[in-house]
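# Structural characterization, general
Here are the chains, one letter per residue:
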Amino acid sequence: MGLALRVGLAASLGLSAAPEPGTDQQEYDTYAWSVAQGRGYRGMSADVADRDHLTAFRPPGTSLAWAAIYGVVGHRYDAVRLLHCLASALTILLVYDIGRRVFSPSVGLLAAAGYAIYPTALLFSTQLLSEPLGTFWFLAALAMCLRFAECPAWDQAVAAGILLGVAILTRPHAALMAPLIGFWVLWQFRQDRRAWVEGLLIPVACLATMSPWIVRNYLIFGAFIPISTLSGSGLLQGNNRIVATDPRYYGYSIWDSYIPEYRQALQTAGDEVERDRRAKRLALQWLRDNPDRWWYLARAKTVRAWTPFLQSSTPRYQRISMLLSWGPVLILFVLAFLPTLVGLLRGGRPGWLLHLVIVNNVVLNLIFWGEARYRHSIEPICLIFAAQALAYLMASERRALDGRRSKGAENRPADPWATPTLAFDGGLQEIRTP
């Protein structure tokens, strides 16, 4: 059903529609077609006159996947959209797998059903952007980490690290997960030296997966560029005078070349590496000069990152859809986050890895800015938390109802098939009758 909904929506919006000029979609497509033609990873980048230069402006994962498609079927956007629909549909299975490993099969099924019809998942699967592939690789890495935790083995650790590396090179919002997973391994397996050593292969394999891209960038640009030449620019976009004073940009960003006092310095950089360096220096200098705005920015970015209320300039149907879908999920997620963290840690279970995913997202929002699009890769995880909260509330209500029905019937024979109920400690607890 999830696949059918995605393909149907993509068909209705135009399977073969070309990307609009000047968008992220056009940049991904330009790089992909260049690679498919055997010309290397080249195209445009911000404020560089040559629009056909070797570049590291955007992470390569998305464009390389498209290039593989273009190499087989030609420059066809319908094939890419169908690939995204398939990746988003397979993500439904990953949501189920993660949910059942951390909590229970019923929680996994409930979360997967929610993701099958989740509006933003449906919409992004039709777009020529990095979200569908990035989310798929990211959840695949998490699922493999949890599989490793159940039965530690070096090959599973290596697979998890490779998947994480691919995820970061597709969507850099997973960048901090490599050290966070290292911390997870050190704590979770502190009493199992063999698993501890094997688990550290996850961040090692992640770095090894990223190393060809890092080496390529050093050979071309003579600089250490682990992901892209957009990090400094992103830092400046989310930390500047305008976003700290103009309510229209509350918690959000403005393209750095649009900031009057920085425009000339950025546009005269000459190449994307120097431009990114200048943007980073300008951002850090502004932060040093304006410590009184740190709290405002932190609060604004956090609100913008998590709110179910989109800007008034957004089409009305999208605002309503976001409110009705993300709003309930957000409430249930908040209810479940701390109780499940405490329960999983007390039980020594590895599922608190999902809580580190949320930490990763919060930190990145504080560094850069908040945006509903950048929340997309963690919304499946939030759905799993929401499903656990809902299952717990339903089980509590069922127990209360059974308790009321059992009053006055203490001598009734015990039911050997007592229904298991979900506990907030992250485990499946069976209520056994004596």
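As shown above, the structure is provided for reference.
Now for a look at the structure at hand. Just so you know, these numbers come straight off a predicted model, no measurement behind them. (Residues numbered from 1 in each chain as written. Predicted model: local features only at pLDDT ≥ 70, side-chain atom pairs only at ≥ 80, totals over all residues. Heavy atoms only, no water.)

Turning next to the overall build of the protein. Across its full length, the protein holds 18 helices and four strands. Over its C-alpha atoms the protein spans a radius of gyration of 24 Å, differing by no more than 12% from the 22 Å that the globule rule assigns to 434 residues. Its C-alpha atoms give the protein principal-axis dimensions of roughly 85 × 50 × 45 Å. Across the 434 residues in the protein, those meeting the buried criterion constitute 50%. In the protein, once contacts between residues fewer than 6 apart in sequence are set aside, the share between residues at least 24 apart is 70%. By element, 63% of the accessible surface of the protein is carried by carbon and sulfur atoms, the whole surface being about 20,300 Å². (Helix = DSSP H or I, 4+ residues; strand = E, 2+ residues; numbered from the N terminus. Rg over C-alpha atoms; globule rule 2.2 N^0.38 Å. Buried < 20%, exposed > 50% of the residue type's maximum accessible area, 1.4 Å probe, protein only. Contact = heavy atoms within 4.5 Å. Areas by Shrake-Rupley, 256 points an atom, 1.4 Å probe, with all protein chains shown as cover.)

As a further point, take helix 16 (residues 316–346). The terminal C-alpha atoms of helix 16, which comprises 31 residues, lie 45 Å apart, in line with the 45 Å expected from a rise of 1.5 Å per residue. Of all the bends in helix 16, the greatest, near 30°, is centred on Phe 337, and the proline Pro 339 appears no more than four residues after it. Count one or two residues on from helix 16 and you reach Gly 348, which has phi positive near 70°. (Expected span 1.5 Å × (residues − 1). Bend = angle between axes of the 7 residues up to and from the residue.)

With that settled, the discussion passes to the packing of helix 4 (residues 77–102) against helix 7 (residues 131–150). Close contact between helix 4 and helix 7 brings their axes to 9 Å; oriented N to C, the two are set at 25°. Taken together, helix 4 and helix 7 sit at an angle that is classed as roughly parallel. The two elements helix 4 and helix 7 cross, and the hand of that crossing is left-handed. Taken together, the residues of helix 7 that come into contact with helix 4 (itself represented by Leu 83, His 84, Ala 87, Leu 90, Thr 91, Leu 94, Val 95, Asp 97, Ile 98, Arg 101 and Val 102) are Pro 132, Leu 133, Thr 135, Phe 136, Leu 139, Ala 140, Leu 142, Ala 143, Leu 146, Arg 147 and Glu 150. (Axes fitted to C-alpha atoms, helices over the stretch in contact; angles between N-to-C directions. Parallel < 35°, antiparallel > 145°, perpendicular 65-115°, else oblique. Left-handed = near helix turned anticlockwise from the far one by under 90°.)

What follows concerns the packing of aromatic side chains. By the definition in use, this model includes 16 aromatic pairs. Aromatic side chains Trp 306 and Phe 333 sit 5.5 Å apart centroid to centroid with 5° between the ring planes, which places their arrangement in the stacked category. Remark: Phe 333 occurs in helix 16 and Trp 306 occurs in helix 15 (residues 294–306); sequence separation between them is 27 residues. No difference in accessibility class separates Trp 306 from Phe 333, as the two residues are buried. Above the ring of Tyr 28, the side-chain terminus of Arg 58 is found at 5.6 Å from the ring centroid. (Phe/Tyr/Trp six-rings, centres within 6.5 Å; stacked < 30°, edge-to-face > 60°. Lys NZ or Arg CZ within 6 Å of the ring centre and 35° of its normal.)

Another point: a nonpolar patch on the surface. A grouping of Leu 54, Val 215, Tyr 218, Leu 219 and Ile 220 is seen on the molecular surface, where their side chains present a nonpolar patch of about 490 Å² in accessible area. Relative to the elements of secondary structure, Val 215 occurs in helix 11 (residues 201–221). (Patch = residues over 30% accessible without salt bridge, like charges linked within 9 Å, V, L, I, M, F, W, Y side chains within 5 Å. Salt bridge = Lys/Arg side-chain N within 4 Å of Asp/Glu carboxyl O.)

Turning our attention to the environment of Asp 78. You can see Asp 78 is positioned in helix 4. Counting along the chain gives 187 residues from Asp 78 to Ala 265, while the straight-line C-alpha distance between them is 40 Å. In this structure Asp 78 touches Leu 15 and Ser 16, once residues within four positions along its chain are discounted.

Within the secondary structure layout, Leu 94 lies in helix 4. The exposure class of Leu 94 is buried, given its relative accessible area of 14%. Here the alpha-carbon distance between Leu 94 and Ala 140, two residues 46 residues apart in the chain, equals 6.5 Å. In contact with Leu 94, not counting residues within four places along its chain, are Phe 136, Leu 139, Ala 140 and Ala 143.

Non-glycine residue Asp 47 carries a positive phi angle of around 60°. Among the secondary structure elements, Asp 47 is positioned in the loop between strand 1 (42–43) and strand 2 (53–54).

A few words now on the pattern of salt bridges. Using the criterion set out here, one finds 19 salt bridges in the structure. Residues Glu 131 and Arg 171 are paired through a salt bridge, measuring 2.8 Å at the closest nitrogen-oxygen approach. In this pair, Glu 131 sits in helix 7 while Arg 171 sits in the loop between helix 8 (154–170) and helix 9 (177–188), placing the two residues 40 residues apart along the sequence. Glu 131 sits in the buried class, given a relative accessible area of 0%. Judged by relative accessible area, Arg 171 falls into the buried class, the value being 4%. Residue Arg 375 pairs with Glu 379 through a salt bridge whose shortest N-O separation is 2.9 Å. Owing to a relative accessible area of 2%, Glu 379 belongs among the buried residues under this scheme. One salt-bridge network, held together by shared partners, links Asp 24, Glu 27, Arg 58, Glu 131, Arg 171 and Arg 373.

Quick look at the packing of helix 9 against helix 17 (residues 353–367) now. Running from N to C, helix 9 and helix 17 cross one another at 150°; their axes reach a closest spacing of 10 Å. Between helix 9 and helix 17, the angle is such that the two are roughly antiparallel. Of the two possible hands of crossing, helix 9 and helix 17 adopt the one that is right-handed. Residue-level inspection shows Met 177, Leu 180, Ile 181, Phe 183 and Trp 184 of helix 9 in contact with helix 17, the latter providing Leu 353, Leu 356, Val 357 and Asn 360.

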